[in-house]
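Structural characterization, general
Each chain, written out:
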Amino acid sequence: MLDDLFAQLRVATAPAEIEALQNGIWQVWLATGDAALDKQLEAGMRALQAADFTRAIGVFDELIAAAPHLAEGWNKRATAYYQRGDYRASLADIAETLRREPRHFGALWGQAAILRQLADPRRALRTLKQLEALCPHLPGLREQQLVLREQLEDGNGTF
C-alpha cells in the first residue's frame, strides 16, 4: 500500500491530490500495529502539541527503546528537538528516521529547513533534490530550490 501511495505521489500535480496522498502515507506511518505503541505515540504527539518538548522527548525515548525499528518514533523526537531549538539532535534523529524510511518526506523537509538555518545551503539543496524525487510537484519545493541555487551562485551561503 505504501509503495502505491508513493508511486501516485511521484506523478501527482494538484496540491489537493498531493496533500491527500501525503495524509494517506502519514496514516500508514502513524499506525504501529501495536495498541500500546500507538498510545505511546499519541501521548508524545499530545505533548508536542502542548509545547511540552521535554515530556515529548521522554515519551519518544521510551517509544524508540521499545520499537527502534519504527521510523515515526525517531521522526517525532526529531520534531520535538527541533521545536526546542536543538538542531543537532534533531538532525541525528532525522538521519535515523531516513535509515528506516528513506522516503520520509516530512523528515527530508525538516532536514532541509534545519540545514538552511545552519547556513548550509549546499546540503539543504541536496536534501530538497531527494524530496523532489519523491514528489516533484510538492508546493513550495521549486521556490525553495531556486532560493538556495541563487544563494550558491551568488556565493552567499548565509541566510
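I will try to describe carefully the structure that is included in this document. All residue numbers here refer to positions counted from 1 along the written sequence of the relevant chain. The model is predicted, so local features are restricted to residues of pLDDT at least 70 and side-chain atom pairs to those at 80 or more, both for listing and for counting; the totals for chains, interfaces and linings are taken over all residues. Excluded from the side-chain calculations are hydrogens and water; all other atoms, namely the structure's heavy atoms, are used.

1. A look at the overall build of the protein
Helix and strand labels come from DSSP, where a helix needs a run of H or I of at least four residues and a strand needs a run of E of at least two; each type is numbered from the N terminus. The helix and strand inventory of the protein stands at nine helices and zero strands. Traced from its N-terminal end to its C-terminal end, the protein shows the element sequence α-α-α-α-α-α-α-α-α. In summary, the protein has a C-alpha radius of gyration of 16 Å against a globular reference of 15 Å for 159 residues, a match within 12%. When the backbone C-alpha atoms are referred to their principal axes, the protein occupies close to 50 × 35 × 25 Å. The quantity called the radius of gyration is restricted to C-alpha atoms. Its globule counterpart is 2.2 Å times the number of residues to the power 0.38.

2. Considerations on unusual backbone geometry
Residue Ala51 is not a glycine yet carries a positive backbone phi of 60°. Tracing the backbone through its elements, the reader meets Ala51 in the loop between α3 (35–49) and α4 (53–66).

3. With respect to a positive patch on the surface
Here, patches come from residues exposed beyond 30% relative accessible area and free of salt bridges, joined within 9 Å for like charges and within 5 Å for nonpolar side chains (Val, Leu, Ile, Met, Phe, Trp, Tyr). Areas reported as accessible are Shrake-Rupley estimates using a 1.4 Å probe. Residue values count occlusion only from the protein chains shown. Between Lys or Arg on one side and Asp or Glu on the other, a salt bridge is scored when a side-chain nitrogen of the former is within 4 Å of a carboxyl oxygen of the latter. Neither His nor the chain termini are counted; the positive set is Lys and Arg, and the negative set is Asp and Glu. Charge placement uses NZ in Lys and CZ in Arg. For Asp and Glu, CG and CD serve respectively. On the surface, Arg122, Arg126, Lys129 and Arg149 cluster together into a patch of positive charge. Looking at the positive patch, the element that brings in the most residues is helix α8 (residues 121–134), giving three residues. Inspection of the secondary structure assignment puts Arg149 in helix α9 (residues 141–154).

4. Let's talk about the packing of α3 against α4
Here α3 crosses α4 at 160°, and the two axes come no closer than 8 Å. Considering their axes alone, α3 and α4 lie roughly antiparallel with respect to each other. The hand of the α3/α4 crossing is left-handed. Seen from α3, the contacting residues are Leu37, Gln40, Leu41, Ala43, Gly44, Met45, Ala47 and Leu48; seen from α4, they are Phe53, Arg55, Ala56, Val59, Phe60, Glu62, Leu63 and Ala66. Among the residues making up the contact of α3 with α4, the classes are represented as twelve nonpolar, two polar and two charged. To get an axis, a line is fitted to the C-alpha atoms, and for a helix only the part in contact is used. The angle between two axes follows their N-to-C directions and goes from 0 to 180 degrees. Should an angle fall under 35 degrees it is taken as roughly parallel, and over 145 as roughly antiparallel, whereas 65 to 115 is taken as roughly perpendicular and any remaining angle as oblique. A clockwise turn of the near helix away from the far one marks a right-handed crossing, whereas an anticlockwise turn of less than a right angle marks a left-handed crossing. In what follows, residue pairs with any heavy atoms lying within 4.5 Å of each other are defined as contacts. Three categories are distinguished: nonpolar for Ala, Val, Leu, Ile, Met, Phe, Trp, Tyr, Cys and Pro, charged for Asp, Glu, Lys and Arg, and polar for the others, with Gly belonging to the last.

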